[in-house]
Structures are given as structure tokens and as C-alpha cells.
Amino acid sequence: MKVFLVGMMGSGKSTIGKLLSNILGYRFIDMDEEIEKSEGKRIRDIFKQRGEEYFRKLEKKLLKEISQRREDLIVATGGGVIKDQENREILKEHKTIFLMVEPEELLKRTEGNDRPLLEGGKDKIFDIWRQREKFYKQFTTAESTGLNVWETCVKVLYKVMERESLSIMDSVHKVLIERKALEDIKGDVVFTTCSVQKIYGEFLGNPYIFPDGESVKDMKYVLEAYKILCDIGFSRSQVVTGVGGGALTDFTGFVASTFKRGTKLFLYPTTLLAQVDASIGGKNAVNFEGVKNLLGTFKMPDLVVIDPLASLSMNDERFKEGIIEAFKMSLISGKGLNYFNDELLMRKLRDVEKIIEFSVKEKLRIVEKDPHDRGIRNVLNFGHTIGHVYESITKVSHGVAVGWGMIKETEFFMKRKMSDRIVLKLLEDFLAKLDIGSLPSLDRQRVYRFLRNDKKFQSGRVRIPVIRAPGNYDFVEVEIEELMEVIW
């Protein structure tokens, strides 16, 4: 497959092309760079010394040559390549995507750039757009105004890839892993967030939109959701669908499990963290009085549908969150440690899909043995007891907080000679690769308050999982005072 990216200067063709190259494992070609190499000059110098007509001849020759190569390619074209009819016909023979960015945003993106066609002033970009618009719109459009590079990548992937079912699991609840699954969202009422609506709005119909992140897990939004369901006469036999990250799936699960004592529930997790962990296993919770997940229920979703492409739309911090939770599953099971390689960090799709399927299978295996979290399922709390303290006090992301929590809990048990040095070494090396920052200092009184209100504590003690070695774990009861000391 060859994917050609067309669009105005500043639309991100080269940046998006390089990212898509990493994701799909295809070779990337920037046509402007190729011409500069062959001529030994910058584009602006070619324009000045030989003129635009000479440049366009070079461009056409290169486009013909690239189109005949027998290899998978991602190609960033020059902004004016579509002006020539013969070029347009060549591009129509392949998957060509127009990166649509409104001219007002293009003006901001090109500020300070040294581009030959803008020498008459930056406002000239509006004239160029008017001249080329009819040509660009002959191709499949990926609207990317207001989107970041990763969100735009997913928009393009949805245009060029085929829908493909990758895995079906059905133990405590059904899980489908399917590329482009968000094209066909099922359910009677859809809850989603602002960010998801921005990227996938064309597939969502008329959803009810809630805030992004942890702020949705507030009782005022739960009450708002109840009112929505009451106003439309929602029945227990109907389906509430949640499309979003872990906070949104937690929130939707809580609403569905408590409204009329339980309705049907479908989840479409869109972040890597939600796909590998939060949406799986039927634990639903909201926050109360500043304490994370203080109010919660157990209700298995009737269906979870995971689209790996959606996970690629996350910014670096959010993507790393999911990798950290998946790595936790690898330490617990002692399997899959080789999945966490450089290609995963580059978001190569096949590697991302591997850790999603691996993590879901491992979590379902544990949940099946202990669906109500009274025994072995407690091992999934590894890193979370201390991690929730960091998350609540510093407002750092959940995944980063869990990463810090895993380090601190492992150090705690190493001092008691209950955990092997290899566990800490694996964690330190892995988290160093992710570059999640150093551990912050915390106020002692605030830490005590959060630990005391942690739902896992009973009579001042908490049952914490100990990873003795990869795949070998146990549980130990620890006093609050003992745990307090490890944070300093």
C-alpha cells in the first residue's frame, strides 16, 4: 500500500508522514527532501535560481517514479503537487489523503517559516488556498483543524486502513479487539467526552458530552446522567454506552450499575490505559470528597469493544500511562516482558496490539478467579496504594502515579527482603525509558489523610501485593504508619 499525503504548507504532511511510517512500519519519503538531495539545493534556492516551473518538472518526475515502486510507502508531497492534472491522476490511483487545515490555523503554523511562496507576505496563504481548494477536495479528506499530530494520524489511519477483527474473548464478559471499531458504535444512549467528540464525532450520532479526565468522576455528573436517563424514559433493557478513556468508562459503568438497579452496558475504551485495564473486569467507581474511587460498584459490562487505532491518538503522557499499566500485568504474570521494546514506544501498531491483547487476557484470567476483588484480584492493586496518594495530591496522571507507586512499594518490600532486586531493576530501567519524571515530596498530613480513607484499609491495615519476582507474587498486611515511612 502507498499512502500519499497532500495539503497546504503547514498542514503537517512531513510530521504526520513520519509518525505513520513508524506506526505501520512503512518507509517514509518526503518529496521535497528528495528533490533537495538530488539538486543539492534547498527548495527556496531552486525556486530563486531555476524558477517554479523547473521545480514542478522535478516534482512530477519524482511522483511518477515513486508511484511505480513495489513497496509500502508513506509519502509527503509538496503543497502544489495537486495543481497538475497528470499528478492528480497518479495520486488517484493510490490512497491519497488531503490533510485539511483551515487557512487561519495554517497562518499561525507557518509563522516564522521561510517558504518561497510566502515571500509576498503571510496573508498570501489565503490566495494560495483559494487557488488550490478545488484540487485538494478531489481527494479523501482528513479534517485536522484543531487536532494534534497523533489525533491527525488516527484520522488518516481511519481513512486508509481496512476494518479488521483481531481477537474475541469471552470469559467474565465479552471483549472484541477490532481495528476501526468506532465506525459502528452500538447502544441506545452514548456518553462520551469533549476530546473523543472532537476526533470521532462523525461516528457518535448524538451523544451526551461530559468533561475529559478525572473531573467526570464527580457526583454532580452522575446526577446529570441520571436526569438524562429519566428524561428520556430509559428502561433497564436498553444499553448505556460509554466511549472514552478510563475515567469515562468508570463513570458510565457506575451510572449503568446504579440506575434502576442496573442497565445493559457497552464500553468502547479509547485510551491505551482504558483498553489494557480500566474498562476490563467490571469495577466502576467515582470520586468523593477528594478521595479517588471512594464510591463504587461491581458490574460486568455486557460488551467491551477495543479499537487499537484509537489508543494511538493519545499524547505522549497519556500513551505512556497505558504502557505502564500493561507492564504491571507483565510483572504480575511473568510473561510478555519482551513486548516492551523501542518499537512499542514508537507506537508500531502490531506491537501496540500485542500488549493490548496480552493485558486483556491476563486481566480476564485473574478476574475470572476473583470477580469481586476478595482475593487474588488484589494483585492488580500493585503500585496503586501509594500511586493513588501521588495521583490525588499532585494531580499527576494515573499511569505515572502507578509507576511511582510500583517503585515505592517494591523498595518497601525489598528492605524487608520480600522482593527480588530484579523486580526493582526491571521497573527502574523501564520507567527510565519512559522518562516520567522524578518522585515529588509530599506533605505528611495529607498523605496520612488519603491513606486513612483508602477503601483498601481495614482497621489501619492494608493488604498489599508483593511481586517477589516476575510471575511470583504474594500478599502482606501493612500498617498505615509503616507505609507512611516508605514515601519519604
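Residues numbered from 1 in each chain as written. Predicted model: local features only at pLDDT ≥ 70, side-chain atom pairs only at ≥ 80, totals over all residues. Heavy atoms only, no water.

A.B. asks: Before we go on, may I ask you to explain the pattern of salt bridges in this structure?
C.D. replies: Side chains that differ in sign of charge can pair as their charged atoms come close. Taken as a whole and judged by the stated rule, the model has 42 salt bridges. Measuring nitrogen to oxygen at the nearest pair gives 2.7 Å for the salt bridge that ties Glu65 to Arg69. Measuring nitrogen to oxygen at the nearest pair gives 2.5 Å for the salt bridge that ties Arg461 to Glu479. Within this pair, whereas Arg461 is found in strand β16 (residues 461-469), its partner Glu479 is found in strand β17 (residues 472-479), the two being separated by 18 residues in sequence. The class of Arg461 is partly exposed, set by a relative accessible area of 30%. A residue is classified by how much of its surface remains accessible, and Glu479, at 28% relative accessible area, is partly exposed. Because the salt bridges share partners, they merge into one network encompassing Glu52, Arg56, Glu59 and Lys83. (Salt bridge = Lys/Arg side-chain N within 4 Å of Asp/Glu carboxyl O. Helix = DSSP H or I, 4+ residues; strand = E, 2+ residues; numbered from the N terminus. Buried < 20%, exposed > 50% of the residue type's maximum accessible area, 1.4 Å probe, protein only.)

A.B. asks: Sorry if this is basic, but what is going on with the sheet that holds strand β8 (residues 189-193) here?
C.D. replies: If you trace the seven strands from one edge of the open sheet to the other, you get β6-β7-β14-β11-β10-β8-β9, paired in mixed fashion. The open sheet has two edge strands with one neighbour each: β6 (164-170) and β9 (208-210). Shown here is a sheet whose adjacent strand axes are inclined to one another by a mean of 20 degrees, direction ignored. Note: β8 against β9, three bridges, orientation parallel. Bridge pairing in β9 links Thr193 to Phe210. Along the sheet, helix α11 (residues 246-258) makes contact with β8, β9, β10 (239-244) and β11 (264-269), crossing β10 at roughly 165 degrees. Sheet contacts for helix α16 (residues 349-369): β6, β7 (174-179) and β14 (303-306); angle to β7, the most-contacted strand, approximately 180 degrees. (Pairing = 2+ DSSP bridges. Axes fitted to C-alpha atoms, helices over the stretch in contact; angles between N-to-C directions. Contact = heavy atoms within 4.5 Å.)

A.B. asks: Before we go on, may I ask you to explain helix α18 (residues 398-415) in this structure?
C.D. replies: An α-helical turn contains 3.6 residues, so any two residues separated by three or four positions project in the same direction. For α18, with 18 residues, the first-to-last C-alpha span of 26 Å sits near the 26 Å given by 1.5 Å per residue. Among the 18 residues of α18, 15 are classified as buried, and the element is accordingly described as predominantly covered. Residue Lys417 follows α18 closely and has a positive phi angle near 55 degrees. (Expected span 1.5 Å × (residues − 1).)

A.B. asks: Sorry if this is basic, but what is going on with the sheet that holds β16 here?
C.D. replies: The strands making up a sheet are joined through hydrogen bonds of the backbone, oriented either antiparallel or parallel. Taken in spatial order, the three strands line up as β15-β16-β17 in an open sheet, and their pairing is antiparallel. Since the sheet does not close on itself, it has two edges, and those belong to β15 (457-458) and β17, each with one partner. Pairing between β16 and β17: eight bridges, direction antiparallel. Looking at β17, one finds that Ile464 is bridged to Val476. The strands touched by α18 within the sheet are β16 and β17, with β16 carrying the most contacts at an inclination of about 80 degrees.

A.B. asks: I'm lost on the packing of helix α14 (residues 316-333) against α18 in this one. Help?
C.D. replies: Between two packed helices, what matters for the description is the angle formed by their axes and the separation of those axes. The N-to-C vectors of α14 and α18 enclose an angle of 40 degrees; their axes lie 7 Å apart at closest approach. The angle between α14 and α18 falls in the class oblique. Seen from above, α14 lies across α18 with left-handed handedness. Residues Glu317, Glu321, Ile324, Glu325 and Lys328 of α14 pack against His398, Gly399, Val400, Val402, Gly403 and Met406 of α18. Its residues placed into classes, the contact of α14 with α18 shows four nonpolar, three polar and four charged. (Parallel < 35°, antiparallel > 145°, perpendicular 65-115°, else oblique. Left-handed = near helix turned anticlockwise from the far one by under 90°. Nonpolar A, V, L, I, M, F, W, Y, C, P; charged D, E, K, R; others polar.)

A.B. asks: Even after reading the chapter, I still don't get helix α17 (residues 384-394), so can you show me in this structure?
C.D. replies: For α17, a buried count of ten out of eleven residues is recorded, marking the element as mostly surrounded by other parts of the structure. For α17, every residue scored as buried is listed here: His384, Thr385, Ile386, Gly387, His388, Val389, Tyr390, Glu391, Ser392 and Ile393. One or two positions beyond α17, positive phi appears at Lys395, with a value near 65 degrees.

A.B. asks: What is the right way to read a positive patch on the surface from this model?
C.D. replies: A cluster of like positive charges, contributed by Lys395, Arg446, Arg449 and Arg452, occupies part of the molecular surface. Structurally, Lys395 can be placed in the loop between α17 and α18. (Patch = residues over 30% accessible without salt bridge, like charges linked within 9 Å, V, L, I, M, F, W, Y side chains within 5 Å. Areas by Shrake-Rupley, 256 points an atom, 1.4 Å probe, with all protein chains shown as cover. Lys, Arg positive; Asp, Glu negative; His and termini not counted. Charge placed at Lys NZ, Arg CZ, Asp CG, Glu CD.)

A.B. asks: Would you mind showing me how to read the packing of aromatic side chains here?
C.D. replies: Centre-to-centre distance and the angle between the planes together describe a pair of aromatic rings. As enumerated under the stated definition, the model contains 20 aromatic pairs in all. Ring geometry for Phe98 versus Trp129: centroids 6.2 Å apart, planes at 20 degrees, classification stacked. Pair noted here: Phe98 is in strand β4 (residues 95-100) and Trp129 is in helix α7 (residues 124-136), with a separation of 31 residues, a long-range link. Between Phe340 and Phe430 the ring centres are 5.8 Å apart and the planes differ by 85 degrees, which places this aromatic pair in the edge-to-face class. Residue Phe340 is found in the loop between α14 and α15 (342-345), and its partner Phe430 is found in helix α19 (residues 421-434); the two are separated by 90 residues along the sequence. The class of Phe340 is buried, set by a relative accessible area of 10%. Joined through ring pairs, the aromatic side chains of Phe191, Tyr208, Phe210, Tyr221 and Phe251 make up one cluster. Stacked on the ring of Phe319, the Lys or Arg Arg347 has its end atom at 4.3 Å from the ring centre. (Phe/Tyr/Trp six-rings, centres within 6.5 Å; stacked < 30°, edge-to-face > 60°. Lys NZ or Arg CZ within 6 Å of the ring centre and 35° of its normal.)

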